[in-house]
Amino acid sequence: MTDTKPLLILGAGSFAIEVLEVAELTGVRVAGFVVSDDHVPAARRHADLRIFAEGELPFAPDEVALIGGIVTTRRRAFVARMANRGFAFRTLVHPSAIVSPRVRIDAGTFVGAGVIVASHTHVGAHVLLNRGANVGHDNALAPFVTIGPGAILAGAVRVGAGSYVAVGAVVRDHLEIGAGAVVAAGAVVVKPVEAHALVAGVPATVVKNGVDGL
């Protein structure tokens with residue numbers, strides 16, 4: 001059954017507006033934005049919608065659904081806090097996206113304009129697939145992965161939790177990107193990337209260790 005509850009968007013920045021626009025295109029009513037208590041902006045409205053501080057939400061968990069509108073790793077802790085309070089998360093898919101019917105997408109994921117997701121791919125919870133990303137067949141994207149605009153994952157790629165593949169990056173087939181890794185913009189990945197490594201260049205090489213996503 002389709003969830004008809006209004007939507008709250010986590011965050012109130014530029015990416016949150018992209019999420020808002022997809023909600024509007026798909027007929028989902030947005031009740032406003034919610035920000036963490038230490039990130040409350042001076043202006044309490046955005047795009048004519050109310051911005052609520054996390055600690056002052058006037059909604060019970062059964063009254064609204066949530067989706068992330070934050071690109072950075074800060075969204076993980078925010079999602080965890082809201083989930084612990086009993087709030088559920090919705091998935092949003094832009095009408096122009098091409099998603100195989102043999103794809104599984106978990107709750108809280110956002111699929112932007114022009115995204116392609118091929119067959120037998122599993123997209124985990126709270127993943128962000130940005131504009132024009134191309135995700136090949138038999139991929140596995142763990143929770144909180146971010147795929148940047150125009151990035152390409154060939155077939156059978158596995159991407160670990162919290163990893164970030166930046167704009168225009170290309171990942172060859174049958175590779176693994178470790179948890180918390182970062183693939184820099186325009187990089188071409190031709191061998192596995194270890195967890196918490198930042199890789200860049202053509203072909204991509206490690207330039208830093210100890211990172212944790214974006």
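Refer to the structure printed above.
What exactly am I supposed to notice about the overall build of the protein chain here?
For the protein chain, the count of helices and strands is two helices and 25 strands. Scaling as 2.2 N^0.38, a compact globule of 214 residues should have a C-alpha radius of gyration of about 17 Å, and the protein chain matches this with 17 Å. Counting over 214 residues, the protein chain shows a buried share of 49%. In the protein chain, of all internal contacts separated by at least 6 residues, the share reaching a separation of at least 24 is 28%. If the 18 positive side-chain charges of the protein chain are averaged to one point and the 17 negative ones to another, these points end up 2 Å apart.

I would appreciate a short explanation of the sheet that holds strand β18 (residues 158-159) in the present structure.
Pairing between the strands of a sheet comes from backbone hydrogen bonds, and it takes one of two forms, parallel or antiparallel. Pairing in this open sheet of five strands is parallel, and the strands run β9-β12-β15-β18-β21 from one edge to the other. Both outer strands of the open sheet, β9 (104-105) and β21 (176-177), are each paired with one neighbouring strand and no more. As defined by bridge partners, β9 adjoins strand β12 (residues 122-123) across two bridges and the pair is classed as parallel. Within β12, the residue paired with I105 across the bridge is V123.

Sorry if this is basic, but what is going on with unusual backbone geometry here?
Residue P203 is reached from V202 by a cis peptide bond, and omega for that bond is -5 degrees. For P203, the position within the fold is in the loop between β24 (197-200) and β25 (205-209). The backbone phi angle of D138 is positive, close to 60 degrees, even though this residue is not glycine. What makes D138 partly exposed here is its relative accessible area of 38%.

Please explain the sheet that holds strand β1 (residues 7-10) as it appears in this structure.
The strand order β3-β4-β2-β1-β5-β6 describes an open sheet built from six strands, whose pairing is mixed. The sheet terminates laterally at β3 (45-46) and β6 (88-89), the two strands that pair on one side only. In terms of strand pairing, strand β2 (residues 30-35) meets strand β4 (residues 49-53) through three bridges, oriented parallel. Considered in β4, the bridge of V34 is made with F52.

Looking at this model, I keep getting lost on the pattern of salt bridges. Mind explaining?
Pairing between side chains of opposite charge can happen when the charged atoms of each approach one another. One pass over the structure, following the stated rule, counts six salt bridges. When the shortest N-O distance is used, the salt bridge between R44 and E56 registers 2.2 Å. Of the two residues, R44 sits in the loop between β2 and β3 while E56 sits in the loop between β4 and β5 (65-68), which places them 12 residues apart along the sequence. On the accessibility criterion, R44 (29% relative accessible area) is partly exposed. We note a salt bridge from E54 to R81, for which the minimum N-O separation is 2.7 Å. With a gap of 27 residues between them, E54 in the loop between β4 and β5 and R81 in helix α2 (residues 74-84) connect regions that are remote in the sequence. Take E54: its relative accessible area is 9%, and that puts it in the buried class.

Sorry, what's going on with the packing of aromatic side chains here?
Each aromatic ring pair is described using two quantities: the centre-to-centre distance and the angle formed by the ring planes. A full pass over the atoms with the stated rule returns two aromatic pairs. Relative to F110, the ring of F15 lies with its centre 5.4 Å away and its plane at 80 degrees, an arrangement referred to as edge-to-face. With F15 in helix α1 (residues 14-25) and F110 in strand β10 (residues 110-111), this pair connects stretches of sequence that are 95 residues apart. For the residue pair F15 and F110, the accessibility class agrees, reading buried in each case. Ring centres of F52 and F59 lie 5.4 Å apart, and the angle between their planes is 85 degrees; this geometry places the pair in the edge-to-face category. Judged by relative accessible area, which is 6%, F52 ranks as buried.

What is the right way to look at the pairing of β25 in this model?
Two faces, one strand: in a regular strand the side chains alternate between the faces of the sheet. Two strands pair when backbone bridges link them, and β24 and β25 are joined in this way by four bridges, in the antiparallel orientation. The residue of β25 that forms the bridge with L198 is K208. Counting the residues in the hairpin turn of β24 and β25 gives four residues, including G201, whose phi is positive at 100 degrees.

About the thresholds
- Residues numbered from 1 in each chain as written.
- Predicted model: local features only at pLDDT ≥ 70, side-chain atom pairs only at ≥ 80, totals over all residues.
- Heavy atoms only, no water.
- Helix = DSSP H or I, 4+ residues; strand = E, 2+ residues; numbered from the N terminus.
- Rg over C-alpha atoms; globule rule 2.2 N^0.38 Å.
- Buried < 20%, exposed > 50% of the residue type's maximum accessible area, 1.4 Å probe, protein only.
- Contact = heavy atoms within 4.5 Å.
- Lys, Arg positive; Asp, Glu negative; His and termini not counted.
- Charge placed at Lys NZ, Arg CZ, Asp CG, Glu CD.
- Pairing = 2+ DSSP bridges.
- Salt bridge = Lys/Arg side-chain N within 4 Å of Asp/Glu carboxyl O.
- Phe/Tyr/Trp six-rings, centres within 6.5 Å; stacked < 30°, edge-to-face > 60°.

In short, the description is geometric, and any link to function would need to be established separately.
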